[in-house]
Amino acid sequence: MEFIESNLLSLILFSPLAVALVIALLPAKEKTLIRWVALIGSLITLTLSLYLWFSFNPNWQVFQFEEVRVWYDAIHSSYHVGVDGISLAMVLLTTLLTPLVLLASFKIDDRVKAYMALFLILETGMLGVFLSLDLLLFFVFWEIGLVPMFFLINQWGSEKGERELWGGIKVPARAYASFKFMIYTMAGSLGLLLAIQLIGIVGATFDLPLLFERWTSLDPHSTIIGLPVGTVKTIAFWAFAIAFALKVPVWPFHTWLPDAHTEAPTAGSMILAGVLLKLGAYGFLRLVLPLYPEQARQYSGVLAFLAVLSIIFGALSSFGQTDFKRLVAYSSVNHMGFVVLGIAAAAFAQGTESATIAMNGAVLQMFNHGLSAAGMFFLVGVIYERTHTRDLNQFGGLFPLVPVYGGILIFTSMASLGLPGLNGFVSEFLVVRGTWGVGWAFPTFTALAMIGLFFTGAYILKGIKMVLHGPLNEKWVGHLSEINTREIIVMAPLMVLMLVTGVWPAWILVVINKAVTALF
Amino acid sequence: MSESIDLTMTLALLPEILLLVLAGLVLTFDLIWSEDRKRSLGWLTAGGLAVTLVVSMIFARPGEQAIFVWGGMLRYDWLGFTFQMLFLFGAALTALLAMDVKELGSRGEFYILMLVSTIGMSLMVSSADLIMLYLAIETTSIPMYVLAGFFKQDNKSTEAGFKYLLFGAMTSAIMLYGFSLLFGYAGTTDIYNLAFAIQAGAIETIPLMGSLFLVLVGFSFKISAVPFHFWAPDVYEGAPTPIAGFLSTASKAAGFGVLIRFFMAAFPTISTEWSNIIAIVAVATMTLGNFLAITQSNIKRMLAYSSIAHAGYILVGVATATPLGMTSVVFYLIIYLVTNLAAFGIVFTFWRTERSDEIKSYDGFSRRAPGLGLAMMVAFLSLAGMPPFGGFIAKVLVFAAAVNADMVWLAVIGVLNSIIGLYYYLIVLKHVYLYRTDADEKPVPVAVPARIALIILTFGIVLLGVAFAPWFHWSTTAASILF
Amino acid sequence: MQFPIISVIVFIPILAGLLILLIPSDRKTEIRVTALAAAAFALGLSAWLYFSYDLGVGGYQFVEQYTWLKELGISYHVGVDGMNVPLVLLTGVVMFTGVLISWGVDDRPREFFAFLFILATGVFGVFVALDMFMLFFFYEIAVFPMYLLIVIWGWKVSREYAAMKLTLYLFIGSVIALVGALAMYFASNLGTFDMIALEGAGFSAGFQKFWFPFVFMGFAILGGIWPFHNWSPDGHVAAPTAVSMFHAGVLMKLGAFAALRVGIMLLPEGAKFWMPFIILLTIVNVVYGAYIAMVQTDMKYVIGFSSVSHMGLVAMGFATLNREGMIGAGVQMFSHGVMTALFFAVVGMIYDRAHTRQIPELGGFSKKMPFVTIAFIIGGLVSMGMPGFSGFVAEFPIFMGVWKFQPWIAILASISIVITASYIIRIISKVFFGKMPEAYADHIHDVTVLDKVALALLAGILVIVGVYPSIMVPLVESGVDNILRLLGGA
């Protein structure tokens, strides 16, 4: 027990990887066995993270369960992990979604072994980002997550469709999408990499708590590599910001997202929207705000502006889609815009009450979007599996055929839309409340964001209408079966959490609140 | 001439005396033995030479101090002795290689001529007098003229003999003229006394340089340095291959032995001038030799040009006129003799079966005779200057000497040349190892004596390349006599 | 007397090579088993050497010294420090896997293994040499077998041209460096070729500045530095699989290592003077090499140019002359060696089956050879500098070093990471996951167990070093400290 206590984070971090190795050793033909091992393995991780949740003391403002081990001493980087309220929420989200995602993938029949192993490796990568307290280690996990995701899209993505490349070469759409995903993210993290190196040189350490002091307390009149500190910090700030904005994604860096989502397998989309997008926002919270408080304040207007554009254009694009999955994909751009808006407002108004509220909202919105987006993608997957189409025009009037499914879809959509009483409302309200009280520009942005919110309602209702209501498309009669038990089991925890958070958000806000006040 | 003949004087001539005895023995057995037993004359010659070598090594080693013997005609020192041993070794192995060719190895006169020529070389490298030197050079050359044209039925061989004779006679005449001028100016034929005369300013610079050039012509012919190299390819190609090998090694070594003795002894005071002249000759020799070697399709012609190029490398060592330079010359010659004899030996062995010296005909050689192929690789890579074979350390020393003497430019030209060398040696190896012919399965038989010779030589190349300390030490001893 | 472990490692291959030459040529199995046993023995010893190097003591260990030629101060002097001990291990690994991969060589395996082992002795010798003459001696021994190996067993289309080009380039480089080395020998007035003694020779600044480019560039040719890199991809393409592995995996390190050992360590002032210039050359290597790799269609050319790019990073790391850069370069030599050996092994396996290396003509190998696919992906991730693999461990400090030296170069060089990612992904998605052409579908079979062992070993090392850099970095660090001491604590 003591061992578990003192190595809890490492256990959480590496247990998925260990399970992946076990799976790699199983014979490829034992598909059922592999599925169950993966699921049970991920449940172990979930158990551990629940244990973490309950042993976590929300009243301490410091990192908890810290572990430091020698890793790469030559450049002063170490294996340093720890949690605070923000990362704890994200860890919980990740470990919760993974079993659900694996369960959702039980129908996958092609190379199950590799598929399951990749998902578990992906989980380790994501958890690593949330747990790292070392800048280099953060980057390690940040990049590692790309690889499994690339292969999941590239190999298990949708088999239809072609894209034309330069020179008229035609490639499968999933290859195109995965390539775009990979290169965009790598290119984005290039600046991050360079900036991290710079920080490592200046700070002579990669340890985050140390850097928070050293990097921010640099004499503003001194120079680094021949440039004034302020200039260098600004450049480095943008290197970080762009890398994270790409991942969130903030308009205009979002173009990889719809492609990736459309081509990814259902479970891939779930995890992509549910957790991977949060990595970007988490980067803002964990690194950008503490490392560049001044720059963040200075450029918070730009960030907020982009966030508002994300909200508006995300919603408009979503409304314009006829592909159900693309519709949901653009909704992610829309929802994540609120996260960034909240962060930007908090950066501007550091230390004020409004800032704290906005930040609480942003973190909660991350959590909530993780639940609802995963749910939405799963539901799209459920219907696609049965009809083999995602074209909204092909559906219509399906409610009578699949009443349970319809109910779940409406419930989840409402959560996504921000219906009071469900989780989405709480977080969006907090963000809006927070931004409203900051300066003169932010209320303007908030007002503009309301336009986006209006269209959010529009596209969600459009989706529901075109699938469930309207004239019944006769061809599905007799072909469309009801959502099955396994699928309901996947949805159930999500729906419960949506409801609980909507009604009693304090269970999680307690944890988040202390952490966000400690950020500055 | 009042001094009596004492033991030292006899010992100084011991190799030559033994060689003479051996020549007599060969002559006698040539008369006694029937035609089909004459092949054994080769064993006799080789064995006799080996005995001479061993006996001389045991009894006739010179002391620390050089001694003039026979009225100052000869100088009994380590330099001469080293070269003598080298000639004995070279001649013995040539005899072994040549034994199993009927037209060559079963003729007594072949062995006798070779032995006589060896006597000439021995005397050449120990001469301390211009007259003695000239006599020795002629004793060396005349049997060689005959040997080069030994295959009377073969037009090329006859041509080779004749060409060699003409060139040789002309250049030695010029050299003799140079000798006479020197005598005329200095009033002495003693090489070592010449130095005093020159130091004393007895000779004006211009006549001195003029006569020096004339002498250099003769030596250049011997070592086949540019521009007196023309004979080499034709003679090597036409002459019986073992003779060509002997010419390109022992005879060339003798030429270098004389060159360094003569110039270091007679002209120490004007060494800067002649250093520069020799350096230019060296550059011309190696560059021309290497470039022309690239275009050859006949392996003997290629080896001829390569031996010209090697003369150029050795001249780099001569040009430095430093102790290290002279050491490197001696050392280079030791290694070069072993390596080039091996190369010619293999070429000859192949010719016995195939009757062809075209590089093309070596296709598939390594499949037909893996052992010979390997030996050929060793020899050619040594020529190219690759470790762990002797050629590497030899080249390193020569270039080190150049760098040491502040002639870096010469070293750079030298190393660039060695790259060209590598190119054409590799081309041959490509034929040996890569290409195939229909006759892949046809083996290349190697006679026992030749096999012995090639094994000795191949191991010698590796030995010289790896355990070079004793040989270097020996070369240092020999070269130190010059200063 | 202590067990002469280094000498045993150096001479095991050549002795095994000679032994193999004595086996009748038709007994191919015996030949292969002998080769494998010798390679395994060498690997075992070099691993033992690696792990028994005492970091607490530091400096040169397991030193052996015998006089070779007293008059000129030449000695057989070997020893390992933190810089070269990983390279010895690397050579052991590549040699062992090279033999495994070459099990199928059927044309004169006897000569093949013999030449390969002579090459291995040369490589080991250079890495452990503490005497300048000895270094050259073994350096040349490592070069010439390449010619024969490529020309006899290479790719029929280009082998003659490529082999000759390679040999001449390398020979030119080494002889030019040799002249420089001789100049150092005489200028030192110490009468010794011993490099540890020469480190303290105190050459004048003018002398160092004059000779440094000769020595450094002479060796750097073998390290593939632009604009003398051209021999390298051609050589890779023409060489048989095991030779490509050796060539890219080990030989190119030989150049970089010798440039460091003789160039930077003996002529530190010259190094400081010339490094800004050299770093400009390496930036071309890194970016241009990656770009050329991207536009190739022949898989082997892709890997060949990627080697040029990655070796540019090694040279760049050394050229920074600071702690981070050099540590990175040291690790990169090892990491790239293993990675590229893995790449060439895989390319060889694919070529053996498909008889083409044209990327557009290949596809779908993941279905037939899943194990190979995973190995290649791991190699690819290393190549991209993906964190968690050894490439990242190596490249990250290099970039840090370059930051300290000149920031905009770091920014420029980092472009290569994205380019690398794009060509690696292209190969992975086309060759392994693309659609398999009908023509191959039937006769492509999975690789043998031996091949898998080799790939597993290589891939395993890449992951271990990547996940736990402390297994190697402290060693390299101690070696770098020694170099920095010579550079005057720069």
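Conventions used here
- Residues numbered from 1 in each chain as written.
- Chains lettered and ligands numbered in written order.
- Predicted model: local features only at pLDDT ≥ 70, side-chain atom pairs only at ≥ 80, totals over all residues.
- Helix = DSSP H or I, 4+ residues; strand = E, 2+ residues; numbered from the N terminus.
- Contact = placed C-beta atoms within 7 Å.
- Rg over C-alpha atoms; globule rule 2.2 N^0.38 Å.
- Buried ≥ 20, exposed ≤ 12 C-beta atoms within 10 Å, placed from the backbone.
- Pairing = 2+ DSSP bridges.
- Axes fitted to C-alpha atoms, helices over the stretch in contact; angles between N-to-C directions.
- Parallel < 35°, antiparallel > 145°, perpendicular 65-115°, else oblique.
- Nonpolar A, V, L, I, M, F, W, Y, C, P; charged D, E, K, R; others polar.
- Domains from an automatic or database assignment.
- Expected span 1.5 Å × (residues − 1).
- pLDDT = per-residue confidence, 0-100.
- Left-handed = near helix turned anticlockwise from the far one by under 90°.

Here the focus is the overall build of chain B. Within chain B, the secondary structure is distributed over 21 helices and two strands. Principal-axis analysis of the C-alpha atoms gives chain B an extent of 70 × 55 × 40 Å. The long-range share in chain B, meaning contacts at least 24 apart out of those at least 6 apart in sequence, stands at 79%.

Scanning chain C from terminus to terminus reveals 20 helices and two strands. Computed over C-alpha atoms, the radius of gyration of chain C comes to 21 Å, within 12% of the 23 Å expected from 2.2 N^0.38 for 490 residues, which places it in the range of a compact globule. When the backbone C-alpha atoms are referred to their principal axes, chain C occupies close to 70 × 55 × 45 Å. By residue count, 66% of the 490 residues in chain C fall in the buried class. Taking contacts inside chain C between residues at least 6 apart in sequence as the whole, the part at least 24 apart equals 80%.

Glancing now at the interface of chain B and chain C. Across the contact, 28 residues belong to chain B and 26 residues belong to chain C. Of all the secondary-structure elements, those providing two or more residues to the side of chain B that touches chain C are α17 (370-384), α18 (390-404), α19 (408-433) and α21 (469-480) of chain B. Per-element tally for the side of chain B that touches chain C: the top contributor is α19 of chain B, with twelve residues.

With that out of the way, let us pick up the interface of chain A and chain C. Note on interface size: it is often stated as the accessible area lost on association of the parts. Facing 27 residues of chain A, the contacting portion of chain C comprises 28 residues. Every element with two or more residues in the side of chain A that touches chain C is listed here: β1 (64-72), α6 (135-144), α7 (146-156) and α8 (173-203) of chain A. Counting residues per element, the side of chain A that touches chain C draws most heavily on α8 of chain A, which supplies 13 residues.

It is worth spelling out unusual backbone geometry at this point. For the bond from W251 of chain A to P252 of chain A, the omega torsion is 5°, close enough to zero to count as cis. By secondary structure assignment, the location of P252 of chain A is in the loop between α10 (229-247) and α11 (256-263). The omega angle of the peptide bond from W226 of chain C to P227 of chain C is 0°, so this bond is cis rather than trans. As for its position among the elements, P227 of chain C is in the loop between α8 (205-220) and α9 (231-238). Not every positive phi belongs to a glycine, and H76 of chain A is a case in point at roughly 60°. By secondary structure assignment, the location of H76 of chain A is in the loop between β1 and β2 (77-83). Judged by the 15 C-beta atoms lying within 10 Å of it, H76 of chain A falls in the partly exposed class. In this model, N189 of chain C sits at a positive phi of 60°, which is unusual for a non-glycine residue.

A separate point is the pairing of strand β1 (residues 61-69) of chain C. Residue and element names in this part refer to chain C. Two strands pair when backbone bridges link them, and β1 and strand β2 (residues 74-80) are joined in this way by six bridges, in the antiparallel orientation. If you follow Q65 over to β2, its bridge partner there is H77. In sequence, β1 turns back onto β2 through a hairpin of four residues, with G73 there showing a positive phi of about 70°.

In this section: the packing of helix α15 (residues 324-348) of chain A against helix α16 (residues 353-387) of chain A. Residue and element names in this part refer to chain A. Closest axis-to-axis distance for the α15/α16 pair is 8 Å, and the angle between their directions is 170°. With respect to α16, the element α15 is oriented roughly antiparallel. Contact with α15, carried on its side by F324, K325, V328, S332, H335, M336, F338, V339, G342, I343, A345 and A346, involves A355, A358, M359, G361, A362, Q365, M366, H369, A373, M376, F377 and V380 of α16 and no other residues of that element. Residue composition of the contact of α15 with α16, by class: 17 nonpolar, six polar and one charged.

Let's shift gears to the domain arrangement of chain B. Residues and elements named next belong to chain B. Segmenting chain B into domains produces domain 1 (1-266) and domain 2 (268-483). Taken over C-alpha atoms, the centre of domain 1 sits 21 Å from the centre of domain 2. Counting residues at the interface gives 42 residues for domain 1, matched by 46 residues for domain 2. Those elements that place two or more of their residues in the side of domain 1 that touches domain 2 are α4 (78-98), α9 (191-199), α10 (205-223), α11 (231-238) and α12 (241-266). By residue number, the principal contributor to the side of domain 1 that touches domain 2 is α12, which donates 15 residues.

As a further point, take α10 of chain B. Residues and elements named next belong to chain B. Taking 1.5 Å per residue as the helical rise, α10 with its 19 residues ought to reach 27 Å, and the 26 Å between its terminal C-alpha atoms agrees with that figure. Listed in full, the buried residues belonging to α10 are L208, S211, L212, V215, L216, V217, G218, F219, S220, F221, K222 and I223. Two residues or fewer past α10, S224 is found with a positive phi of approximately 50°.

With that out of the way, let us pick up the confidence of the model for chain B. When pLDDT is averaged along chain B, the result is 88; 98% of the residues meet or exceed 70. Least confident of the elements in chain B is helix α5 (residues 102-105) of chain B, whose mean pLDDT is 75; most confident is helix α14 (residues 299-320) of chain B, at 93.

On to the environment of H355 of chain C. Relative to the elements of secondary structure, H355 of chain C occurs in the loop between α13 (323-354) and α14 (365-368). Note: C-alpha distance between H355 of chain C and D446 of chain C (91 residues apart in sequence) is 15 Å.

Counting all residues, the mean pLDDT for chain C is 88, and 99% of those residues have values of 70 or more. Among the scores for the predicted complex, ipTM is 0.88 and pTM is 0.88.

All names here are of chain B. Two elements in contact, α17 and helix α20 (residues 448-466), have axes separated by 10 Å at closest approach and are oriented at 40°. Taken together, the axis directions place α17 and α20 in an arrangement best described as oblique. Between α17 and α20 the crossing geometry is left-handed. Residues A375, V378, A379 and S382 of α17 form the contact with α20, whose own contacting residues are L454, T458, I461, V462 and G465. For the contact of α17 with α20, the per-class residue count stands at six nonpolar, three polar and no charged.

Residues and elements named next belong to chain C. Note that G224 resides in the loop between α8 and α9. You can call G224 buried: it has 31 C-beta atoms within 10 Å. In sequence terms G224 and M311 are 87 residues apart; their C-alpha atoms lie 6.7 Å from each other. Each residue touching G224, except ones within four places of it in the same chain, is listed here: H229, S232, M252, S307, V308 and M311.

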